[in-house]
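Chain by chain, the residues:
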Amino acid sequence: MALAWTACVALSSPASARIINLTVTRTEPFAEGMNFGAVGSYVRVIGTAKGELDPEDPRNKIIVNLDKAPRNARGMVEYDVDFYLMRPADLAKGNGTLLYEVNNRGRKFLLPFLDRAKPTSPLSINDPATAADAGDGFVFRAGYTIAWSGWDPDAPVANNGMVVRVPVATLNGKPIVRTIRDEFVFGTRIPASRPTAPLSYEAADFDPAKARLTLREREADAPREIAASLWAYDGPRAIKLLPEGTIFAPGLIYDFRYPAKDPKIVGIGFAATRDLVSFLRHEARDRSGQASPLADEAGKLHVSHAIGFGISQSGRYLRDHIAQGFNADEQGRKVFDGVLAHISGIGKVFMNAAFAQPFRTNTQHEDHHFPENAFPFAHASMSDPITGRTGGLLRGDGSDPFVIEVNTSTEYWQKGASLLATDPVGHRDIAVPRNVRLFMIAGTQHGGNPFSDATPGSCVNPRNPHDPSPALRALLV
């Protein structure tokens, strides 16, 4: 009886991957069933996954405000996430590797960068369906199973952008309110024609006396305050200048501090990626009995390894994913065996925080005061001479993947990439760990891709049209 009871408890325990339900909304042939060499044809599987997290699990306690989330009847915190898979129609013909691209602001970049697939529309990037969307078919002929999922709850959803849906933190059931900071530069990330400045969170109080708007031309300039009579809230998620019709000056830095409310638990995005990839690698069925789209009719899984791939913001996400300990699932199993991060510099993402803003990124002109480029920068453990803190991106606990970091000249100029190979103040070279490789693709612009040209863009001089894709393909292999 004791043995039987123990077995029942084990069978009724939550699945370790914590994906409790997969809902497939579409399963369709890719590129009208065209064959990719010996691998054959591919299918697309699109849907949502529902997951739950144990706030008491040591691997989840790092998630900021998870303890302030609503819980279900089992005491768990629920979320759901968009997913998108492209797999061989005959799973046995795949190469056994899951190639997971972290989406960039809801967008998929893998096929344009690795398969030279020229985007015909924003929708073709996010919902590849035709032979043209396969480009030259490199990753398909190689037999990869390709996966994407949401991780940012506020990523743009237009044109099939992908998001994760997470709960809002409360304090004993009451809204959390805190004075936070937003920064706006029009003409770069915000269209110059937009009449209002978007707020990252809802304003908790519309009294202009409780907020402060300032302006400066350059980062190092002293801020000049804009009188409360010269701006106003335009609903809970925007401000505008007064008198009505006044535009925000392009290129200037507007800084707004205001009482905001209802912080989403954005750090759940790390766990959502961790648990979905772990599920696809290890689980033939979800808790409800639904078969995994990567299991054959006999229940056999055909994925044994996983590679994480990220470009720019997505690569910064992967660096943070490793540093914060999310490359091991709740059972201690490794999530990504390898990580390939392109054009990420030394950045991470402002994500696992109260009132997070993961879309931020520090450049020469803007977003200097958001926690993106924070120690540790490099993979090896070392001491920060300013704070005395010791650490590195790698954790040394068995969860570390093989890592390849690729940067261009842009990241050395404005994203701190040299600090991947030096001490934190750049005085001496450091020993790069044996499971890490660092590459520079010289002369290449940040957005360099197979379709780059030499047009000046927003500058006077022509841009370098160099294409990094051949190097990325070689490094992936």
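The structure we're discussing is the one just above.
Here we summarise the structure given alongside this text.

Next up on the list: the packing of aromatic side chains. This structure, assessed with the given rule, holds 22 aromatic pairs. Ring centres of F30 and F36 lie 6.2 Å apart, and the angle between their planes is 10°; on these two criteria the pair is classed as stacked. Here F36 falls in the buried class, since its relative accessible area comes to 4%. Consider the rings of F375 and F377, whose centres lie 6.1 Å apart with planes at 85°: the pair is edge-to-face. Each member of the pair, F375 as well as F377, is classed as buried. Note that K108 overlies the ring of Y84, its terminal NZ or CZ placed 4.2 Å from the centroid. Lying across the ring of W148, K108 places its NZ or CZ 5.5 Å from the centre.

This part takes up the environment of A147. Tracing the sequence through the fold places A147 in strand 5 (residues 145-149). A residue is classified by how much of its surface remains accessible, and A147, at 1% relative accessible area, is buried. With 203 residues separating them along the chain, A147 and F350 place their C-alpha atoms 24 Å apart. Dropping the residues within four chain positions of it, A147 is found in contact with Y84, L85, L98, L99, Y100, E101 and L280.

Turning our eyes to something else, we now look at the pairing of strand 16 (residues 253-261). Within strand 16, seven of the nine residues are buried, which leaves the element mostly enclosed by the surrounding structure. When strand 9 (residues 177-184) meets strand 16, the two strands line up antiparallel, connected through eight bridges. Bridge pairing in strand 16 places I180 opposite Y258. Taken together, the two bridges between strand 11 (residues 202-203) and strand 16 define a ladder with antiparallel strand orientation. Its bridge partner lying in strand 16, A203 is registered against A260. Here strand 12 (residues 212-216) runs beside strand 16; their pairing, made up of five bridges, is antiparallel. Across the sheet, residue T214 finds its bridge partner in strand 16, namely D255.

To continue, consider the pattern of salt bridges. Within the structure shown, the criterion is met by 42 salt bridges. Notably, a salt bridge pairs D182 with R360, separated by 2.7 Å at the nearest N-O pair. Of this pair, D182 sits in strand 9 while R360 sits in the loop between strand 18 (338-342) and strand 19 (382-383), and the two are 178 residues apart along the sequence. Its relative accessible area of 5% is what places R360 among the buried residues. Across the pair E330 and R274 runs a salt bridge, and its minimum N-O distance is 3.6 Å. In this pair, E330 sits in the loop between helix 6 (313-323) and strand 18 while R274 sits in helix 5 (residues 268-282), placing the two residues 56 residues apart along the sequence. One exposure class covers both E330 and R274, and it is buried. Via salt bridges that share partners, R181, E183, R216, E219, D255 and R257 belong to a single interconnected network.

Membership of the largest hydrophobic core comes to 76 residues, with the highest contact counts inside it found for I239, F256 and Y258. If we skip the residues at most four places from it in the chain, I239 touches F184, T196, A197, L199, L213, W231, A232, Y233, D234, F248 and F256. Judged by nonpolar contacts, the second largest core, of 33 residues, contains F109, L111, F138 and V406.

Quick look at the pairing of strand 15 (residues 238-241) now. A two-sided burial pattern is seen for strand 15, the buried positions comprising A238 and K240 on one face and I239 and L241 on the other. Across two bridges, strand 10 (residues 197-198) lies against strand 15 in antiparallel orientation. Bridged to P198 within strand 15 is A238. Hairpin geometry of strand 14 (residues 231-233) and strand 15 is characterised by an intervening segment of four residues between the two adjacent antiparallel strands and by a positive phi of about 85° at G235.

Conventions used here
Residues numbered from 1 in each chain as written. Predicted model: local features only at pLDDT ≥ 70, side-chain atom pairs only at ≥ 80, totals over all residues. Heavy atoms only, no water. Phe/Tyr/Trp six-rings, centres within 6.5 Å; stacked < 30°, edge-to-face > 60°. Buried < 20%, exposed > 50% of the residue type's maximum accessible area, 1.4 Å probe, protein only. Lys NZ or Arg CZ within 6 Å of the ring centre and 35° of its normal. Helix = DSSP H or I, 4+ residues; strand = E, 2+ residues; numbered from the N terminus. Contact = heavy atoms within 4.5 Å. Pairing = 2+ DSSP bridges. Salt bridge = Lys/Arg side-chain N within 4 Å of Asp/Glu carboxyl O. Core = buried A, V, L, I, M, F, W, Y, C linked by side-chain atoms within 4.5 Å.

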